[in-house]
Amino acid sequence: MVTPRVDFYHNVPDRLLVAVKLAHKSFASRQPLVVVAPDERIAQAFDRQLWSLPALSFTPHCRADSPLAGETPVLIARHLDELPPGLGTPLLLNLGAAVPEGYERFERILEIIGQDEAERLPGRERVGHYKQAGCSVSFHDLGQRAH
């Protein structure tokens, strides 16, 4: 089994906007993406933003329990055990506060950490978990970039 590579996008002013941009980027590069969002409010907000951002683009997506999940490039799941059996995808975007159970099957994991302390502390815990598990961890500070 390959140890996942983890990219942390931190100091992010708008987590959902960055998540949508990452989903669009994965779709444009033809790389299937699983988005885990344990909080239903975040899952719904992410889903809504994928329909409207950017205004002249659309990223095909659905919930992991949809009959179309096997043929849709971006899947939204509350938990990884909702994924269709045998689904092979190299890319995971975590919108939860904890490390998703079953993350090990992914080649690459994207994590987004906002600017407030309530997001930063769990983010640091996830960094520690991934490092202890032997994952290659990279950091990308988005606080100084225009969005």
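Relevant structure appears above.
Described below are features of the structure shown in this document.

Rules and cut-offs
- Residues numbered from 1 in each chain as written.
- Predicted model: local features only at pLDDT ≥ 70, side-chain atom pairs only at ≥ 80, totals over all residues.
- Heavy atoms only, no water.
- Helix = DSSP H or I, 4+ residues; strand = E, 2+ residues; numbered from the N terminus.
- Expected span 1.5 Å × (residues − 1).
- Buried < 20%, exposed > 50% of the residue type's maximum accessible area, 1.4 Å probe, protein only.
- Arc of directions from axis to C-beta.
- Core = buried A, V, L, I, M, F, W, Y, C linked by side-chain atoms within 4.5 Å.
- Contact = heavy atoms within 4.5 Å.
- Salt bridge = Lys/Arg side-chain N within 4 Å of Asp/Glu carboxyl O.
- Polar contact = N/O pair within 3.5 Å; in protein donor to acceptor, adjacent residues only side chain to side chain.
- Pairing = 2+ DSSP bridges.
- Axes fitted to C-alpha atoms, helices over the stretch in contact; angles between N-to-C directions.

### Points about helix α3 (residues 117-132)
Part 1 of the argument: Compared with the 22 Å implied by 1.5 Å per residue over 16 residues, the 23 Å span of α3 between its first and last C-alpha is a close match.
Part 2 of the argument: Every buried residue belonging to α3 is among Pro122, Gly123, Arg126, Val127 and Tyr130, and all of these are buried. Buried residues of α3, viewed axially, fall in a sector of 155 degrees; they line one side. Exposed and oriented more than 90 degrees from the buried face of α3 are Glu125, Lys131 and Gln132.

### Quick word on the nonpolar core
Part 1 of the argument: Ranked by size, the top nonpolar core spans 23 residues in total, and within it Phe46, Leu93, Leu95 and Ile112 carry the most contacts.
Part 2 of the argument: For this core, the secondary-structure elements that each account for two or more residues are β1 (5-12), α1 (15-28), β2 (33-36), α2 (40-52), β4 (74-77), β5 (91-94) and β6 (108-114).
Part 3 of the argument: For Ile112, the residues in contact, after removing those within four places along its chain, are Tyr9, Val12, Arg15, Val18, Ala19, Leu22, Leu93, Asn94, Leu95 and Arg126.
Part 4 of the argument: Counting residues in hydrophobic clusters, the runner-up holds 20 residues, among them Val36, Ala69, Leu92 and Tyr130.

### Considerations on the pattern of salt bridges
Side chains that differ in sign of charge can pair as their charged atoms come close.
Part 1 of the argument: Applying the stated rule across the entire model yields nine salt bridges.
Part 2 of the argument: For Arg5, the salt bridge identified is with Asp7, shortest N-O distance 3.4 Å.
Part 3 of the argument: Under the relative-accessibility criterion, Asp7 is labelled buried at 3%.
Part 4 of the argument: We note a salt bridge from Asp39 to Arg41, for which the minimum N-O separation is 2.9 Å.

### A closer look at α2
Structural remark: α-helix, 3.6 residues per turn; residues separated by three or four positions point the same way.
Part 1 of the argument: When the terminal C-alpha atoms of α2 are compared, their 19 Å separation across 13 residues agrees well with the 18 Å that a helix rising 1.5 Å per residue should span.
Part 2 of the argument: Within α2, the full set of buried residues consists of Ala43, Ala45, Phe46 and Leu50. Across the axial projection of α2, the buried residues extend over an arc of 165 degrees, all falling on one side. Opposite the packed face of α2, turned more than 90 degrees from it, sit the exposed residues Arg41, Arg48 and Trp51.
Part 3 of the argument: At the N-terminal boundary of α2, the capping side chain belongs to Asp39, with an oxygen 2.8 Å from the backbone nitrogen of Arg41.

### Observations concerning the sheet that holds strand β7 (residues 136-141)
By way of backbone hydrogen bonds, the strands of a sheet pair with one another, either parallel or antiparallel.
Part 1 of the argument: Within the open sheet, the seven strands sit side by side as β3-β4-β2-β5-β6-β1-β7. Their pairing is parallel. Because the sheet does not close on itself, it has two edges, and the strands there are β3 (61-63) and β7. Taking each pair of neighbouring strands and ignoring which way they run, the sheet shows an average axis angle of 20 degrees.
Part 2 of the argument: Two strands pair when backbone bridges link them, and β3 and β4 are joined in this way by three bridges, in the parallel orientation. The partner of His61 across the bridge, within β4, is Val74.
Part 3 of the argument: In this fold α2 packs onto β2, β3 and β4, with an angle of close to 155 degrees to the strand it touches most, β3.
Part 4 of the argument: Sitting on the sheet, α3 is in contact with β1, β5, β6 and β7, with an inclination near 155 degrees to β6.

### Details of the pairing of β6
Part 1 of the argument: The buried fraction of β6 amounts to six of the seven residues, a majority that puts the element mostly inside the structure.
Part 2 of the argument: By the bridge criterion, six bridges tie β1 to β6 in an arrangement that is parallel. Looking at β6, one finds that Arg5 is bridged to Arg108.
Part 3 of the argument: Of the pairings in the sheet, the one linking β5 to β6 comprises four bridges and is parallel in character. Residue pairing across strands places Leu91 opposite Arg108, the latter belonging to β6.

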